[in-house]
Amino acid sequence: MAIFSSQSDSLAAIATASLSIIRQQLLDLFCQSAYREGDFVLSSGQRSTYYINGKQVTLHPQGALMVGRILLAMLPEEAQAVAGLTLGADPIVMAVSVVGAYEKRAIAPLIVRKEAKGHGTQAYIEGLTLPAGTPVVVLEDVVTTGQSALKAVERLRLAGYQVEQVISLVDRQQGGAELYQEKGLQFQAVFTIAEIQQRWRELS
Ligand SMILES: O=P(O)(O)OC[C@H]1O[C@H](OP(=O)(O)OP(=O)(O)O)[C@H](O)[C@@H]1O
Ligand SMILES: O=C(O)c1cc(=O)[nH]c(=O)[nH]1
């Protein structure tokens, strides 16, 4: 995807294209910009022969818009906020909130710290303080073991929010779905790793 030629045309097209078309474009962007093969250590400590750098998509002008539109459409009607563990989820929650505002849907973005802020507010959660029981959906760029997003769920619940669902851009199919099922959480992913790898091979 050329980002500097006819950028405004491309953004306008993404703003109005059908969700199925932008899903296909987002898949191609993941393959072209985020997917790499090699020797990687994951946050769980496991090794992997491939890696998805989700920030190449979520911090991309067109990528962020596509992510915002697709995830907003996947939120249940009652969702009033989206949250995720910093850093991967930060641009995602903002994209969904901003696209929501353009669609006249108020979705508050929340950022969950990995550790409490060590000074000042001492906060774990950044963003508006919402009423207890507010329905919040946890968003994630990549789910491997599922532990990172689960940490966000637990932290949000401790703060009094109602969290029943995790949505990820990519499911690496390495135990996350099973973990969430065990914990009684609904889980959806926009893409599985199998779909990304198949498309990556087609484009290579
Ligand atoms: O499902 P899991 O096994 O928990 O792995 C997935 C997590 O790993 C990545 O974050 P990372 O720990 O690399 O941190 P970052 O977002 O701060 O870069 C990714 O953004 C997920 O949050
Ligand atoms: O498990 C991880 O840490 C992980 C895998 C991956 O493909 N991408 C990522 O950002 N994190």
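Residues numbered from 1 in each chain as written. Chains lettered and ligands numbered in written order. Predicted model: local features only at pLDDT ≥ 70, side-chain atom pairs only at ≥ 80, totals over all residues. Heavy atoms only, no water.

In the annotation of an unreviewed UniProt entry, the entry for the protein chain reads Orotate phosphoribosyltransferase, and the organism field reads Almyronema epifaneia S1. In its Catalytic activity (unreviewed entry) section, the UniProt record describing the protein chain reads: "orotidine 5'-phosphate + diphosphate = orotate + 5-phospho-alpha-D-ribose 1-diphosphate". Recorded under Function (unreviewed entry), the UniProt text for the protein chain is reproduced unchanged: "Catalyzes the transfer of a ribosyl phosphate group from 5-phosphoribose 1-diphosphate to orotate, leading to the formation of orotidine monophosphate (OMP)." (UniProt positions renumbered as here; feature names shortened; annotations may be inferred.)

Visitor: Looking at this model, I keep getting lost on the sheet that holds strand β7 (residues 162–171). Mind explaining?
Guide: Strand pairing in a sheet takes place through backbone hydrogen bonds and is either antiparallel or parallel in direction. With respect to topology, six strands assemble into an open sheet ordered β5-β4-β3-β6-β7-β8, the strand pairing being mixed. Among the strands making up the open sheet, the edge pair consists of β5 (125–126) and β8 (186–192). Where β7 and β8 come together, six bridges link them in parallel fashion. The residue of β8 that forms the bridge with isoleucine 167 is glutamine 188. Lying on the sheet, helix α5 (residues 90–102) is in contact with β3 (81–85), β4 (108–112), β6 (135–143) and β7; it crosses β4 at an angle near 170 degrees. Where helix α8 (residues 193–203) meets the sheet, its contacts fall on β7 and β8, and the angle it forms with β8 comes to roughly 5 degrees. (Pairing = 2+ DSSP bridges. Helix = DSSP H or I, 4+ residues; strand = E, 2+ residues; numbered from the N terminus. Contact = heavy atoms within 4.5 Å. Axes fitted to C-alpha atoms, helices over the stretch in contact; angles between N-to-C directions.)

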